[in-house]
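Architecture and fold: a report
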Amino acid sequence: MSDCIFCNLKETLPKEAFVYKDDFCYAINDINPKAKHHILVIPNEHVESLNEVEDTMLIKHLFDAIKKITKEQDIKSFKTLINTGKDAGQEVFHLHIHILAN
Ligand code: 5GP
Ligand code: ZN
């Protein structure tokens with residue numbers, strides 16, 4: 001098993017825990033929500049942070065997924081956030097985008 005929490009969750013979470021899933025990424029509710037809706041969109045591929053992204057099509061794909069997720073959940077107004085690096089508050093070193101909405 002990987003020592004990366006987001007690589008592991010992808011394999012171990014029950015089906016109903018996933019807000020969204022496709023061939024490139026998955027989305028789950030944040031365990032410690034900072035807003036009414038706090039969803040994490042996580043690429044299947046292990047990339048530590050935005051600094052390590054080589055193919056920026058991955059970012060396009062993640063934002064395409066965000067559009068689908070927010071539409072499905074009827075979230076019309078929301079913030080997206082990517083913490084990159086420890087000093088910016090990144091705690092899990094597997095790239096993820098936060099969706100935050102009240
Ligand atoms: P970061 O600070 O790295 O941008 O955000 C990491 C996020 O992952 C935090 O908001 C934290 O609450 C969330 N998180 C950490 N461990 C888990 C977990 O095991 N399950 C879920 N659903 N979220 C987690
Ligand atoms: Zn990982």
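This report concerns the structure included in the present document. (Residues numbered from 1 in each chain as written. Chains lettered and ligands numbered in written order. Predicted model: local features only at pLDDT ≥ 70, side-chain atom pairs only at ≥ 80, totals over all residues. Heavy atoms only, no water.)

**What to know about the coordination of the zinc ion (ligand 2)**
For a metal bound by four donors in a tetrahedral arrangement, the ideal donor-metal-donor angle is 109.5 degrees, while six donors in an octahedral arrangement ideally sit at 90 or 180 degrees. Rules: Water is absent from the atoms considered, so a metal site may look incomplete; donors are defined as N, O and S atoms within 2.8 Å of the metal, or 3.2 Å for Na, K and Ca. Square planar and octahedral sites, with four and six donors, are those where opposite donors lie more than 155 degrees apart and all other angles lie between 65 and 115, tetrahedral sites have four donors with every angle between 85 and 135 degrees, and the rest are irregular. Each helix corresponds to a stretch of at least 4 residues labelled H or I by DSSP, and each strand to a stretch of at least 2 residues labelled E; elements are numbered beginning at the N terminus. The classification of residues rests on relative accessible area computed with a 1.4 Å probe and restricted to protein chains. Under 20% of the type maximum is buried, over 50% is exposed, and intermediate values are partly exposed.
Taken together, Cys4 (SG), Cys7 (SG), His46 (ND1) and His94 (ND1) make up the protein donors of the zinc ion (ligand 2), found 2.0 to 2.3 Å from the metal. One can describe the site at the zinc ion (ligand 2) as tetrahedral: its 4 donor atoms subtend angles covering 104 to 116° at the metal. Donor residues for the zinc ion (ligand 2) sit on one chain with the sequence pattern C-x2-C-x38-H-x47-H. Here Cys4, found in the segment before helix 1 (5–12), pairs with His46, found in the loop between strand 3 (37–43) and helix 2 (57–72); they are 42 residues apart in sequence, far enough to count as distant. For Cys4, a relative accessible area of 8% corresponds to the buried category. With relative accessibility at 40%, the residue His46 sits in the partly exposed group.

**Quick look at the side chain of Thr70**
What counts is decided by this rule: Residue contacts are defined here by distance: any two heavy atoms, one from each residue, within 4.5 Å place the two residues in contact.
Note that Thr70 resides in helix 2. Here Thr70 falls in the buried class, since its relative accessible area comes to 5%. For Thr70, the contacting residues outside a window of four places in its chain are Ile75, Phe78 and Ile99.

**What to know about the pattern of salt bridges**
For clarity, the cut-off: Here, a salt bridge means any side-chain nitrogen of Lys or Arg that lies within 4 Å of a carboxyl oxygen of Asp or Glu.
For the coordinates displayed, the defined rule picks out 3 salt bridges. One salt bridge in this structure joins Lys76 and Asp74, with 2.7 Å as the shortest N-O distance. Considered together, Lys76 and Asp74 belong to a single accessibility category, that of exposed residues.

Interpretation in functional terms is not warranted from these geometric data alone.
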